[in-house]
Amino acid sequence: MIPSAAMWPENMIVRCPSSRTRVLFLIITLLLSTLLFCIPSSIPQHQPQNMDSASPEPFRHEKRSKKGDDASGLERGFSMLDAVFFNDSKMLEIEKGAKELTIPIIKDNRKIVATTNGGLKHPSPLVFNSEWKHEEIHDDVKRFNHPSVSGVTRPENEEDIAFMTILELGHLIRTKQISSEELVGIFLKRIKRYNPVLEAVITITEDLAYKQAKQADQLLSQGVDLGPLHGIPYGLKDIIAVPEYKTTWGSTTFKDQVLDIEAWVYKRLKSAGAVLLGKLVTGSLAYDDIWFGGRTRNPWNIEEFTTGSSAGPAACTSAGMVPFAIGSETAGSITYPSARCGVTALRPTFGAVGRTGVLSLSESLDKLGPLCRSAVDCAIVLDVIRGKDPDDLSSRKIFLDDPFSVDITKLTVGYIEDAEMEVVDVLRSKGVKMVPFKLNYTVESVQGILNFTMDVDMLAHFDAWQRSGQDDEFEAQDQWPTELRRARVIPAVDYIQSQRARGKLIQEVKEGFTVDAFVGNVTDWEKVCVGNLVGMPVMVVPVGFEKIKDPPTNATRRRSTVTTGIYAPPDHDHIALALTMAYQSVTDHHKQRPPIDNLGPDDAIPNPPKALIPPRILKG
């Protein structure tokens, strides 16, 4: 099954909004240099006459200093952008970022796609659809034929119950060995026990959970079975709206926000009988693992943090606080925390899961996906949440083959130089043709393209937040505040050039993807950027453990997880799922439990912790 051109979505249909003097340097970045060069210096500085009340000028009247004198020449440029709300320090910070990051990215993209005129090559993957009417969506996608389990008996220990798979828990419910209400009680007890240490849950939806569990039990007693998720508890990343409960986005600014919206993915899970336990931690505005209530820890080594904004879903699933969770990824927010916490997870094909009612960073990058105990569980959850969301123009019906029916012996799977060889050897022993592989492409500005795409889109969604100075409340000033100030001075034409360069990357990856899937590092930043820009699915696969660095004692039970990724072409999530299921059928790394109750003799968590994990750093 070597993929052909017909196996890829047409043009990866995505939808994204997508010095002479110090002054001239900035204006060049804005494509306004010619205009400013012609303006005499005697012309008085423009002062806005009618600024929007939502866009005050709170910082302009500070006392001039040497820094203020340096910044004074920048004010005219910012006034032409209607961005005079920045104070001197922020203008100088933006100028520094433009020199060090923005301009190099712009130049790289121009070399790639803007050396010839006419626009005959390298189209942007931006799509406009003039249709006014939307046809009613019928859910006629063929569903997966998941396996059944039998002979499963209820463990005596609640901890053993907490780490059972979705199918095992479902069997206990259907055979009346346990009720959904009892399961809710078990998992809520674990959430209340471990959350003070892990800082992984923002809102516990206890009343809703018991209500939904009671309904699930009643339906089963009436002979109504809604499928494999019937009565199964779970958690949602707190960027996903649920009516009557706070959707905080992890942010101090929005921590009391209640949205009267029922997110599409929540509707899908509710209709399948799943039971919501809580809103799980997202890093503030879906950036990294720092939120208004703290910083989420890794259950395998609770001295360190999870990294990635799907911090709560990863930590809660790893610690047995939920059987599964829904996270999101724009650039690494599923892959990084899942890898750190040793969780099996799927970042699906872009567009596979609808995003109505979910915080948007970038319309052409955002994806929702499951974090679970196993690849089987990931397939079951994906089957429920996939499909066309009529209010999300980027979502679509993706006709996946059944991952439980894939003949992996007919697949050719590549492995790149950073692949974990145990996975390669196991898949080879299962009859898969394994070959050395390298994903070749010529676009050198991949990381910069992702930066431009994500940051400009994000700023469009949080323009009022920045203009009003609310970004000063942000929990980590070196994250969104710094990046979005740089985004303010990215010229529109160079944003479009970055999308044209992205289109070239998509075409080159499509042509170079000559295998059915490949195995490689799942947290390498370049691969994270390529995968998200192209929209390809990847499985996060736990493959073992290592000793932590600088252990307090040789007897500590804390570990660093080892993971790899199984990547597939867009619309071929079933292949990545099938390969991961084959690997996990003969290994047990994904079944191990973190030592959150017993760290080992003579081991204790220092407070504050010594091992500080830095936030994600975007590179030019």
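Residues numbered from 1 in each chain as written. Predicted model: local features only at pLDDT ≥ 70, side-chain atom pairs only at ≥ 80, totals over all residues. Heavy atoms only, no water.

### Structural notes on the confidence of the model for the protein
- Model confidence for the protein is summarised by a mean pLDDT of 86, while 82% of its residues fall at 70 or above.
- The low-confidence segment residues 1-63, where pLDDT is below 50, has 130 contacts with residues more than four positions distant or belonging to other chains.
- Ignoring residues within four places in sequence, the model shows residues 613-620, a span with pLDDT below 50, making 30 contacts including any to other chains. (pLDDT = per-residue confidence, 0-100. Contact = heavy atoms within 4.5 Å.)

### Comments concerning the pairing of strand 14 (residues 538-547)
- Most of strand 14 sits inside the fold, with seven of its ten residues counted as buried.
- By the bridge criterion, three bridges tie strand 9 (residues 344-347) to strand 14 in an arrangement that is antiparallel. Across the sheet, arginine 347 pairs through a bridge with valine 538, a residue of strand 14.
- In this structure, strand 14 lies alongside strand 15 (residues 559-567), joined through nine bridges in antiparallel fashion. Its bridge partner lying in strand 15, valine 538 is registered against tyrosine 567. (Buried < 20%, exposed > 50% of the residue type's maximum accessible area, 1.4 Å probe, protein only. Helix = DSSP H or I, 4+ residues; strand = E, 2+ residues; numbered from the N terminus. Pairing = 2+ DSSP bridges.)

### Here's the deal with the packing of aromatic side chains
- With the rule as written, the count across this model stands at 16 aromatic pairs.
- A centroid spacing of 4.7 Å and a plane angle of 10° characterise the contact between phenylalanine 518 and tyrosine 567, whose relative ring orientation is stacked. Pair noted here: phenylalanine 518 is in strand 13 (residues 517-520) and tyrosine 567 is in strand 15, with a separation of 49 residues, a long-range link. Tyrosine 567 carries the same exposure label as phenylalanine 518, and that label is buried. (Phe/Tyr/Trp six-rings, centres within 6.5 Å; stacked < 30°, edge-to-face > 60°.)

### A short note on helix 7 (residues 166-174)
- Counting buried residues along helix 7, seven of its nine residues qualify, which places the element largely inside the surrounding structure.
- For helix 7, every residue scored as buried is listed here: Ile166, Leu167, Leu169, Gly170, His171, Leu172 and Ile173.
- Of the surrounding elements, those touching the buried residues of helix 7 are helix 6 (158-162), helix 8 (180-198), helix 9 (206-221) and helix 13 (375-385).
- Immediately beyond the C-terminal end of helix 7, within one or two residues, lies lysine 176, with a positive phi of roughly 60°.

### A word on the side chain of aspartate 383
- Position of aspartate 383 among the secondary structure elements: in helix 13.
- With a relative accessible area of 10%, aspartate 383 lands in the buried category.
- Leaving out residues up to four positions away in the same chain, aspartate 383 has contacts with Arg143 and Phe144.

### Quick notes on the nonpolar core
- Core analysis: the largest hydrophobic core is formed by 158 residues, its most contacted members being Leu229, Leu269, Phe324, Ile326, Trp480 and Leu579.
- If we ignore the near neighbours within four places in the chain, the residues touching phenylalanine 324 are Ile166, Leu229, Ile232, Pro233, Tyr234, Gly235, Leu269, Thr317, Leu371, Cys372 and Val381. (Core = buried A, V, L, I, M, F, W, Y, C linked by side-chain atoms within 4.5 Å.)

### Regarding the packing of helix 5 (residues 88-113) against helix 17 (residues 480-487)
- Running from N to C, helix 5 and helix 17 point in directions that differ by 75°, and their axes come no closer than 9 Å. In terms of their interaxial angle, helix 5 and helix 17 are classed as roughly perpendicular. For the pair helix 5 and helix 17, contact is made by Lys90, Glu93, Ile94, Gly97, Leu101 and Thr102 and by Thr482, Arg485 and Arg486, respectively.
- For the contact of helix 5 with helix 17, the per-class residue count stands at two nonpolar, three polar and four charged. (Axes fitted to C-alpha atoms, helices over the stretch in contact; angles between N-to-C directions. Parallel < 35°, antiparallel > 145°, perpendicular 65-115°, else oblique. Nonpolar A, V, L, I, M, F, W, Y, C, P; charged D, E, K, R; others polar.)

### Structural notes on the environment of asparagine 109
- Residue position: asparagine 109 is located in helix 5.
- Owing to a relative accessible area of 0%, asparagine 109 belongs among the buried residues under this scheme.
- Here the alpha-carbon distance between asparagine 109 and glutamine 497, two residues 388 residues apart in the chain, equals 6.2 Å.
- What asparagine 109 contacts, discounting residues up to four positions off in sequence, is Ala114, Ser445, Ile449, Gln497, Ser498 and Ala501.

### A short note on the environment of glycine 351
- In this fold, glycine 351 is placed in the loop between strand 9 and strand 10 (367-372).
- Separated by 36 residues in the primary sequence, glycine 351 and glycine 387 place their C-alpha atoms 8.6 Å from one another.
- Sequence-distant contacts of glycine 351, defined by excluding residues within four places in its chain, comprise Ser394, Ser395, Arg396 and Ile398.

### Here we look at helix 8
- Helix length check: helix 8 (19 residues) gives 25 Å between terminal C-alpha atoms against 27 Å at 1.5 Å per residue, within 8%.
- Lysine 192 marks where helix 8 bends most, by close to 30°; the proline proline 196 follows one to four residues later.
- All of the buried residues along helix 8 are Ser180, Leu183, Val184, Ile186, Phe187, Leu188, Arg190, Ile191, Tyr194, Asn195 and Leu198.
- After helix 8 finishes, the residue glutamate 199 shows a positive phi value of roughly 50°. (Expected span 1.5 Å × (residues − 1). Bend = angle between axes of the 7 residues up to and from the residue.)

### Topic: the pattern of salt bridges
- Applying the stated criterion across every chain yields a total of 31 salt bridges.
- Among the salt bridges present, the one from arginine 488 reaches aspartate 463, with a minimum N-O distance of 2.5 Å. Here the residue arginine 488 occupies a position in the loop between helix 17 and helix 18 (492-512), and aspartate 463 occupies one in helix 16 (residues 463-467), the gap between them amounting to 25 residues.
- When its relative accessible area of 13% is taken as the criterion, arginine 488 is described as buried. (Salt bridge = Lys/Arg side-chain N within 4 Å of Asp/Glu carboxyl O.)

### Describing the pairing of strand 7 (residues 301-305)
- Burial runs high along strand 7: five of the five residues are buried.
- In this structure, strand 6 (residues 297-298) lies alongside strand 7, joined through two bridges in antiparallel fashion. When the sheet's bridge partners are listed, asparagine 298 is paired in strand 7 with asparagine 301.
- A loop of two residues connects strand 6 with strand 7, the two strands running antiparallel in sequence.

### Considerations on the sheet that holds strand 13
- Spatially, the eleven strands line up as an open sheet ordered 1-3-2-8-10-9-14-15-13-11-12, and their pairing is mixed. Both edges of this open sheet fall to strand 1 (201-204) and strand 12 (433-436), since each of them pairs with a single strand only. In this sheet, neighbouring strand axes are inclined to one another by 30° on average, regardless of whether the strands run parallel or antiparallel.

### Details of the packing of helix 15 (residues 446-461) against helix 19 (residues 525-534)
- Relative orientation of the contacting elements helix 15 and helix 19 amounts to 55°, with a least axis distance of 9 Å. Regarding the angle of helix 15 to helix 19, the classification is oblique. Crossing hand, helix 15 versus helix 19: left-handed. Across from Val446, Gln447, Ile449, Leu450 and Thr453 in helix 15, the residues of helix 19 making contact are Trp525, Glu526, Cys529, Val530, Asn532 and Leu533.
- Partitioning the contact of helix 15 with helix 19 into residue classes produces seven nonpolar, three polar and one charged. (Left-handed = near helix turned anticlockwise from the far one by under 90°.)

### Considering the state of the cysteines
- Summed over all chains, the structure comprises zero disulfides.
- In this structure cysteine 378 is a free cysteine whose sulfur lies 3.8 Å from that of cysteine 372, the closest cysteine sulfur available. (Disulfide = S-S within 2.5 Å.)

### Digging into the environment of isoleucine 166
- Examined against the element boundaries, isoleucine 166 turns out to sit in helix 7.
- Once the C-alpha coordinates of isoleucine 166 and proline 233 are considered, the two residues, 67 residues apart in sequence, prove to be 9.3 Å apart.
- Apart from residues no more than four positions distant in its own chain, isoleucine 166 is found in contact with Pro228, Leu229, Ile232, Phe324, Asp377, Ile380 and Val381.

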